[in-house]
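Structure assessment
Chain residues, written in single-letter form:
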Amino acid sequence: MGSNVSEFQVQCLKAHNEYRSKHKVTPLKLSKELCSYAQEWAEHLASKSVMQHRNQQKYGENIYYFFSTDPNHVVEGKDPVDSWYEEIKQHKFGMEPKTTGTGHFTQVVWKECKELGIGVKKNAKGQVFVVCNYNPPGNYIGNYASNVPPVGGF
């Protein structure tokens, strides 16, 4: 991707792929196009101070929000991914989910997904918004059992 990849993006991609390797699914590649797309939405959210998914989404999307009154606090690229992955505790493998409560986790390890875009923006209030977009998107009803392997793979 060249030199405009941020340290945050490198860390975030690495965290995704460390988790994906635990589930024996192929690593994601960073997409310049998806990163621009994700960055645009992160900046929109930061400017409005709201957490919301983009409408008419053609990609998978995970959003993360962090706020600290400590101006020196740095959100690391792995922080949102760790937070999303925590949902594994509620996920029932081998079946369709009854709720969307593990959707961030399932998107992180979704087997058919190949590309990742990462955007991050901190606003003047100290709010940090992280947007990750996934291509092809995950979380299709009917496809969970075949795309969300347990730790160790299928």
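Predicted, not measured: the structure shown is a model, and the values here were computed from it. (Residues numbered from 1 in each chain as written. Predicted model: local features only at pLDDT ≥ 70, side-chain atom pairs only at ≥ 80, totals over all residues. Heavy atoms only, no water.)

**As for the overall build of the chain**
- Helix and strand counts for the chain come out as five helices and four strands.
- When its helices and strands are written in sequence order, the chain yields α-β-α-β-α-α-β-β-α.
- Taken over the C-alpha trace, the chain has a radius of gyration of 15 Å; the compact-globule value for 154 residues is 15 Å, and the two agree within 12%.
- Based on the C-alpha atoms only, the size of the chain along its principal axes is roughly 45 × 35 × 30 Å.
- Counting the 154 residues in the chain, one finds 45% classified as buried.
- The contacts in the chain between residues at least 6 apart in sequence include a share of 71% that link residues at least 24 apart.
- For the chain, the accessible surface area stands at approximately 8,300 Å², while carbon and sulfur atoms represent 54% of it. (Helix = DSSP H or I, 4+ residues; strand = E, 2+ residues; numbered from the N terminus. Rg over C-alpha atoms; globule rule 2.2 N^0.38 Å. Buried < 20%, exposed > 50% of the residue type's maximum accessible area, 1.4 Å probe, protein only. Contact = heavy atoms within 4.5 Å. Areas by Shrake-Rupley, 256 points an atom, 1.4 Å probe, with all protein chains shown as cover.)

**Looking at the nonpolar core**
- Ranked by size, the top nonpolar core spans 27 residues in total, and within it Val-81, Trp-84, Val-108, Leu-116, Ile-118, Cys-132 and Tyr-134 carry the most contacts.
- Every element with two or more residues in this core is listed here: helix H1 (7-22), helix H3 (78-85), helix H4 (103-109), strand S3 (115-122) and strand S4 (127-135).
- No other element matches H1, which puts five residues into this core.
- Apart from the residues lying within four places of it in its own chain, the contact partners of Cys-132 are Cys-12, His-16, Gly-60, Glu-61, Asn-62, Trp-84, Leu-116, Gly-117 and Ile-118. (Core = buried A, V, L, I, M, F, W, Y, C linked by side-chain atoms within 4.5 Å.)

**Examining the UniProt feature "domain: SCP" (unreviewed entry) in the chain**
- When the UniProt feature table is mapped onto this chain numbering, "domain: SCP" (unreviewed entry) sits at residues 7-142.
- Helix makes up 35% of residues 7-142 and strand 20%, with an end-to-end C-alpha separation of 36 Å. (UniProt positions renumbered as here; feature names shortened; annotations may be inferred.)

**What to know about helix H2 (residues 32-48)**
- For H2, which comprises 17 residues, the first-to-last C-alpha distance of 25 Å matches the rise-based estimate of 24 Å (1.5 Å per residue) to within 8%.
- For H2, the full list of buried residues reads Leu-34, Cys-35, Tyr-37, Ala-38, Trp-41, Ala-42, Leu-45 and Ala-46. For H2, the angular spread of the buried residues around the axis is 165 degrees, confining them to a single face. Turned more than 90 degrees off the buried face of H2, the exposed positions are Lys-32, Glu-33, Ser-47 and Lys-48.
- Of the surrounding elements, those touching the buried residues of H2 are H1, strand S1 (29-30), strand S2 (60-67), S3 and S4. (Expected span 1.5 Å × (residues − 1). Arc of directions from axis to C-beta.)

**Some words on the state of the cysteines**
- Under the defined criterion, the tally for this structure stands at zero disulfides.
- The thiol of Cys-12 is unpaired, and the distance to the nearest cysteine sulfur, on Cys-132, comes to 3.8 Å.
- Of the residues examined, Cys-12 reaches a relative accessible area of 0% and is grouped as buried. (Disulfide = S-S within 2.5 Å.)

**Let's talk about empty space enclosed by the protein**
- Applying the stated criterion to the full structure yields one cavity of 30 Å³ or more.
- If you go around the largest cavity, the residues you meet are Phe-66, Ser-68, Asp-70, His-73, Val-75, Lys-122, Gly-126 and Val-128. (1 Å grid on protein atoms, 1.4 Å probe; cavity = no way out; pocket = protein on both sides within 12 Å on 5 of 7 lines; lining within 4 Å. Points joined across faces, edges and corners; volume = space filled by probe spheres on them.)

**As for the sheet that holds S1**
- Read from one edge of the open sheet, four strands run S1-S3-S4-S2, paired in mixed fashion. Strands with a single pairing partner mark the edges of an open sheet, and in this sheet they are S1 and S2.
- Note: S2 against S4, eight bridges, orientation antiparallel. If you follow Asn-62 over to S4, its bridge partner there is Cys-132.
- Where H1 meets the sheet, its contacts fall on S1, S3 and S4, and the angle it forms with S3 comes to roughly 135 degrees.
- Sheet strands touched by H3: S2 and S4. Its angle to S2, the strand with the most contacts, is close to 110 degrees. (Pairing = 2+ DSSP bridges. Axes fitted to C-alpha atoms, helices over the stretch in contact; angles between N-to-C directions.)

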